[in-house]
Amino acid sequence: MKAARARTPRRPALKKPSQPILKDPVGVYCRVRPLSRPDQECCIEVINETTVQIHPPDGYRVFRNGEYRETQYSFKEVFGTLVIQKELFDVVAKPLVEDLIRGKNGLLFTYGVTGSGKTHTMTGSPGDGGLLPRCLDMIFNSIGPFQAKRFVFKLDDKNGVDVQCEVDALLERQKRDAMPVPKTPSSKRQMDPEFADMINVQDHCKVEEIDEDNVYSVFVSYIEIYNNYIYDLLEDSPFEPIKPKWNNCNTPVRNGDFIPPQSKILREDQNHNMYVTGCTEVEVKSTEEAFEVFWRGQKKRRIANTQLNRESSRSHGVFIIKLAQAPLDADGDNVLQEKEQIILSQLSLVDLAGSERTNRTKAEGSRLREAGNINQSLMTLRTCIEVLRENQLYGTNKMVPYRDSKLTHLFKNYFDGEGKVRMIVCVNPKAEDYEESLQVMRFAEMTQEVEVARPVDRPLCGLTPGRRFRNQAFREELSRKLEMRGGPINGETEEQSASEMFLQSFPPLPSCELLDVNDDQTLPKLIEVLEKRHKLRQMLSEEFAKNVLAFKTMLQEFDSGVISKENYIQGKLSEKEKTIAGQKMELERLEKKIKTLEYKIEILEKTATIYEEDKRNLQQELESKSQKLQRQASDKRRLEARLQGMVAETTMKWEKECERRVAAKQLEMQNKLWVKDEKLKQLKAIVTEPKNEKPERPSRERDRQKPVQRSASPPAVPNLPPVRLRHRRSRSAGERWVDHKPPSNVPTETVMQPQVPHAITVAAASEKALAKCDKYMLTHQELASDGEIETKLIKGDVFKTRGGGQAVQFTEIETLKQESPPGRKRRSSPLNPDPPEDAADSDWTDVETRCSVAVEMKAGSTLGPGYQHHAQPKRRKP
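Residues numbered from 1 in each chain as written. Predicted model: local features only at pLDDT ≥ 70, side-chain atom pairs only at ≥ 80, totals over all residues. Heavy atoms only, no water.

K.L.:
I keep staring at the overall build of the chain and nothing clicks. Help me out?
P.N.:
Scanning the chain from terminus to terminus reveals 17 helices and 30 strands. Looking at the 878 residues of the chain, the share that counts as buried comes to 35%. Of the roughly 57100 Å² that the chain leaves accessible, carbon and sulfur atoms contribute 54%. (Helix = DSSP H or I, 4+ residues; strand = E, 2+ residues; numbered from the N terminus. Buried < 20%, exposed > 50% of the residue type's maximum accessible area, 1.4 Å probe, protein only. Areas by Shrake-Rupley, 256 points an atom, 1.4 Å probe, with all protein chains shown as cover.)

The structure is reproduced here in structure tokens:
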């Protein structure tokens, strides 16, 4: 019988799926090992079931910017120092074993620094088995009664599996039994006491829902990745090639007995799965046998004594469990010889070597080279995870550097294909591993963001379920009936006794022995018996012929019935075939329609993506425009406020100017009225004096020497409040002032300059100067509307605040303003001594022109009382 080949289930034919691929994130778990000594300083604390907190120890509390920083990291679940191996297995590894039996792949690896408990988590210790022996125990507890015989499944060299018939499998078993030394360990032999306690698991954990109509076979292999080379730990090689002797030049000793180990090559099968060519794969039938194979390879694995760990793993160990399964045939007796129905699933258990710093391990020579290769492979794993995360989060298409390391290249199909990936982060809470634990935590938390395609469920074989149990029940019933009848040999005897019973129905034959010649009774009796038998035989023959005729008639009727039924069934079948053909055409039409709709959906998705991108761009543009409008509105409000301030200031300035001009005009009118009053008085004196007296006109020189005595000042206008002059210096005679003169002020050459006695002159106000004085004066300059410099003296009182500081309350403002005189020429004294009619007016105008100085008080101002000094300098002729 031709052997059937099965392919490893990974990815089906590369065609575009009609529905999106479901993905699950990588499950990352954290396990904190207990401290070696109770007096050790701890830097990791378990906050809750999903969070750990890591804080720098006492020697590292100055962290970067000088702050004491505590960092929290979240995982799918956190296991503290008191957790047992069974609890860890139930949460992390048990779902992977269930998926393995259901035909799905899985990857479980431990990650952490040297001495963090990775090997203990994976392998366990005597009396407390780790994840690996518990996985094996669960597998064989589940498939134990449904295992196929040895060599029914046979793995090929292309990562596939062949199914052999019972004859070929029997020949293989006989060939194996004929060998002097068995190639695979026997489960009946006594176990090695070194690992017997590790696999003595009393939990009896098993998968509840298992396909009982399938047969199963388990194959295991064990490899290590050392210095970026792959070695088979189960390969039979003499003189321990895995642990060679090295000379001082770090090269192997060349002698006749030593054979260097041959590294294995990674290849990719037709389903894009990575596998190790030429790797030893052993078929095992029990937990003890499988763990014995593992322990045989574990003894060859490279370990070394370092400063951080007495038995430090110097290589990455990969223990691969392959489960081949195929359904039984319709009778439930033999394996179905159809390669499409054969499934090969795989569970990889990886014990990674610990990352380490050479300055802590004090590694030299080969240990230093090993540490460098370990760190390089772990760094490549981290880089691949980072690129995968970036591609999935941001939609980029960067190339993932799987080929940079054999470790990442081996498990490429898990991240690019499908399967369940889980990682256990092992950390040591001691303070010496703080920096390494911090890097491990960051990488582990980032790994959780990577998503892996969810494995699809395998299709059903289409045969009737329960075939195995029906076959067993039939065999049990058959054996029971055979036992009741005495077994198969007694059955033949029963058939012979039935024929004898049929012959016994004939008359018995008399004795046929002739003792005398004259015996005339024996022959007549014999003839009589034979005649009776002949008649009985003729009757039986006639009855038999009648029965045969009746049976032929029944057969003919049955044949006609069968033919009619066949014709009826054939008609029904033709109708069904027509219906099926119509349904097939309808299915093809619907499939074409589905493809058309999928194409339209794809176009619509692309269009929606473009519209969404345009929408995002428009929203961004709208937001930028809105921000610009808001800025313009705020600028507009500020400009309006500024303009309102300028309008208010200009309005106040012009109000003051109008008040000043009105006051000046009133003063001028009062002066004119006073001049007219003087003229009227002189005219009255001339009229009232006697006519014979001739009045003397005073000379110009006498007028200059002796000033004219004026009667009185013109009375103030009733509507104008009286101006009360105050002497500033007398007020501040006994007080100290702070004279604040900014360095940006321009010196003026006016005659009137502010002068304050007992003043402390400063360029910038200070609390020290304010504490020594009672008064404060700020000299402020600004450009007036006519282009002249206007100086303001802002005065205030200094108070002490409750907080011990100084505060200034402004009380008044004085203004010193310089203006250019109007364009009037000075009149010279006339030669004619007789004064003209408006001589008095001319004299007054001349005096006003020579001394155009006025003192004005701004009454009713909101800024308080103040002074304005106006001076018009005289112009000189060139």
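K.L.:
Can you walk me through the nonpolar core in this structure?
P.N.:
Soluble globular proteins tend to pack their nonpolar side chains together in the buried interior. Of all hydrophobic cores here, the largest spans 54 residues; its most connected members are C30, F75, L352, F411, V421, M423 and M441. Ignoring anything within four residues of it in the chain, the contact list for C30 reads V52, F75, E77, V78, F79, V425, V427 and M441. Counting 45 residues, the second largest nonpolar core, distinct from the first, contains M122, F146, F291 and L349. (Core = buried A, V, L, I, M, F, W, Y, C linked by side-chain atoms within 4.5 Å. Contact = heavy atoms within 4.5 Å.)

K.L.:
Please explain the side chain of D329 as it appears in this structure.
P.N.:
By the secondary structure assignment, D329 is in the loop between β20 (316-327) and β21 (343-351). Of the buried charged residues, D329 lacks a salt bridge, with R467 as the closest side chain of opposite charge at 5.8 Å. Non-local contacts of D329, meaning those with residues more than four positions away in its chain, are made with N334, L336, L463 and R467. (Lys, Arg positive; Asp, Glu negative; His and termini not counted. Salt bridge = Lys/Arg side-chain N within 4 Å of Asp/Glu carboxyl O.)

K.L.:
Sorry if this is basic, but what is going on with the pattern of salt bridges here?
P.N.:
A side chain with one charge can pair with a side chain of the opposite charge if their charged atoms come near. Under the defined criterion, the tally for this structure stands at 28 salt bridges. Between K420 and D99 there is a salt bridge, with the nearest N and O atoms lying 3.0 Å from each other. Residue K420 is located in strand β22 (residues 420-427), and its partner D99 is located in helix α1 (residues 85-101); the two are separated by 321 residues in the primary sequence. Judged by relative accessible area, K420 falls into the partly exposed class, the value being 23%. Across the salt bridge formed by R382 and E386, the nearest N and O atoms sit 3.6 Å from each other.

K.L.:
Honestly, the pairing of strand β14 (residues 229-232) in this entry has me stumped. Any pointers?
P.N.:
Two faces belong to every sheet, and in a regular strand the side chains alternate between them. Where strand β13 (residues 214-226) meets β14, 4 bridges bridge the pair, whose relative direction is antiparallel. Bridged to I223 within β14 is D232. In this antiparallel pair of consecutive strands, β13 and β14, the connection spans 2 residues, and N227 shows a positive phi of 55°. (Pairing = 2+ DSSP bridges.)

K.L.:
Explanation requested: a nonpolar patch on the surface in the structure shown.
P.N.:
A cluster of nonpolar side chains, namely F474, L478 and L482, defines an oily patch on the protein surface of about 280 Å² accessible area. By secondary structure assignment, the location of L478 is in helix α11 (residues 467-485). (Patch = residues over 30% accessible without salt bridge, like charges linked within 9 Å, V, L, I, M, F, W, Y side chains within 5 Å.)

K.L.:
Explain the pairing of strand β24 (residues 737-740) here, please?
P.N.:
The alternating pattern of β24 places W737 and D739 on one face and V738 and H740 on the opposite face, and all of these are buried. By the bridge criterion, 4 bridges tie β24 to strand β25 (residues 759-762) in an arrangement that is parallel. For W737, the partnering residue across the bridge sits in β25 and is A759. Two elements, β24 and strand β26 (residues 775-783), share 4 bridges in a ladder whose sense is parallel. From the neighbouring strand, D739 faces β26, where its bridge partner is M777.

K.L.:
Got a minute to help me understand the side chain of R31 in this structure?
P.N.:
Position of R31 relative to the elements: it lies in strand β3 (residues 27-32). Although R31 is buried, it forms no salt bridge, and the closest oppositely charged side chain is D128 at an N-O distance of 6.0 Å. For R31, the side chain forms a polar contact with the side chain of Q85, separated by 3.2 Å. Apart from residues no more than four positions distant in its own chain, R31 is found in contact with F79, V83, Q85, L88, H120, T121, I424, V425, C426 and V427. (Polar contact = N/O pair within 3.5 Å; in protein donor to acceptor, adjacent residues only side chain to side chain.)

K.L.:
What am I meant to see in helix α3 (residues 131-143) here?
P.N.:
One turn of the α-helix equals 3.6 residues, which is why residues spaced by three or four share an orientation. Over its 13 residues, α3 runs 18 Å from end to end, which matches the ideal 18 Å to within 8%, given 1.5 Å per residue. Among the residues making up α3, those that are buried are L131, L132, P133, R134, C135, L136, D137, M138, I139, F140, S142 and I143. (Expected span 1.5 Å × (residues − 1).)

K.L.:
What exactly am I supposed to notice about helix α5 (residues 287-298) here?
P.N.:
Taking 1.5 Å of rise per residue, 12 residues should cover 16 Å, and α5 covers 16 Å from first to last C-alpha, within 8% of that figure. Across the 12 residues of α5, 9 count as buried, placing the element largely inside the fold. Taken residue by residue, α5 has T287, E289, A290, F291, V293, F294, W295, G297 and Q298 as its buried positions. On its buried side, α5 packs onto α2 (118-122), α3, β13, β17 (282-284) and β20.

K.L.:
Could you clarify how one ought to interpret the environment of R314 in this entry?
P.N.:
Secondary-structure assignment places R314 in the loop between β19 (312-313) and β20. Taking the C-alpha atoms as reference, R314 lies 6.0 Å from A353; in sequence the two are 39 residues apart.

K.L.:
Could you clarify how one ought to interpret the packing of α3 against α5 in this entry?
P.N.:
Packed helices, taken two at a time, are described by their axes: the angle between them and the distance between them. With their axes 9 Å apart at the nearest point, α3 and α5 run at an angle of 150° to one another. Judged by the inter-axis angle, α3 sits roughly antiparallel to α5. In terms of crossing hand, the pair formed by α3 and α5 is right-handed. Residue-level inspection shows L132, P133, L136, D137 and F140 of α3 in contact with α5, the latter providing T287, A290, F291 and F294. Among the residues forming the contact of α3 with α5, the class breakdown is 7 nonpolar, 1 polar and 1 charged. (Axes fitted to C-alpha atoms, helices over the stretch in contact; angles between N-to-C directions. Parallel < 35°, antiparallel > 145°, perpendicular 65-115°, else oblique. Left-handed = near helix turned anticlockwise from the far one by under 90°. Nonpolar A, V, L, I, M, F, W, Y, C, P; charged D, E, K, R; others polar.)

K.L.:
Help me understand the sheet that holds strand β4 (residues 44-46), please; the structure alone is not making it clear to me.
P.N.:
Paired through their backbone hydrogen bonds, the strands of a sheet run either parallel or antiparallel. Pairing in this open sheet of 3 strands is antiparallel, and the strands run β4-β5-β6 from one edge to the other. Strand pairing shows two members of the sheet lacking a second neighbour, β4 and β6 (71-74), which therefore form its edges. Averaged over all pairs of adjacent strands, the angle between strand axes in this sheet comes to 25°, irrespective of strand direction. Pairing of strand β5 (residues 51-54) with β6, which is carried by 4 bridges, proceeds in the antiparallel orientation. Residue Q53 lies in a different strand from β6, and its bridge partner there is Q72. Running over the sheet, helix α10 (residues 434-447) touches β4, β5 and β6 and is turned about 40° from β6.

K.L.:
When you look at unusual backbone geometry in this model, what are you seeing that I'm missing?
P.N.:
With glycine set apart, most residues show a phi of negative sign, and most peptide bonds adopt trans. Phi is positive for F151, close to 70°, though the residue is something other than glycine. Structurally, the position occupied by F151 is in the loop between α3 and β11 (153-155). Phi at N159 takes a positive value of approximately 65°, unusual for a residue other than glycine. Assignment of secondary structure puts N159 in the loop between β11 and β12 (161-163). Residue class for N159 comes out buried when judged on its relative accessible area of 7%.

K.L.:
Could you clarify how one ought to interpret the packing of aromatic side chains in this entry?
P.N.:
Each aromatic ring pair is described using two quantities: the centre-to-centre distance and the angle formed by the ring planes. Scanning all chains against the criterion turns up 9 aromatic pairs. Taking 6.3 Å as the distance between ring centres and 35° as the angle between the ring planes, the aromatic pair formed by Y29 and F79 counts as tilted. Within this pair, whereas Y29 is found in strand β3, its partner F79 is found in strand β7 (residues 77-79), the two being separated by 50 residues in sequence. Owing to a relative accessible area of 2%, F79 belongs among the buried residues under this scheme. Aromatic pair Y222 and F294: ring centres 5.1 Å apart, planes at 35°, arrangement tilted. On the criterion of sequence distance, the pair formed by Y222 in strand β13 and F294 in helix α5 is long-range, its members being 72 residues apart. Three or more aromatic residues joined by ring pairs make a cluster, and in this case those are Y222, F291, F294, W295 and F319. (Phe/Tyr/Trp six-rings, centres within 6.5 Å; stacked < 30°, edge-to-face > 60°.)

K.L.:
Quick question: what am I supposed to make of the state of the cysteines here?
P.N.:
In protein structure, a disulfide is the covalent linkage between the sulfur atoms of two cysteines. Following the criterion strictly, the structure yields 0 disulfides and no others. The closest cysteine sulfur to the non-disulfide-bonded C135 is located on C205, 9.5 Å from its own sulfur. The class of C135 is buried, set by a relative accessible area of 0%. (Disulfide = S-S within 2.5 Å.)

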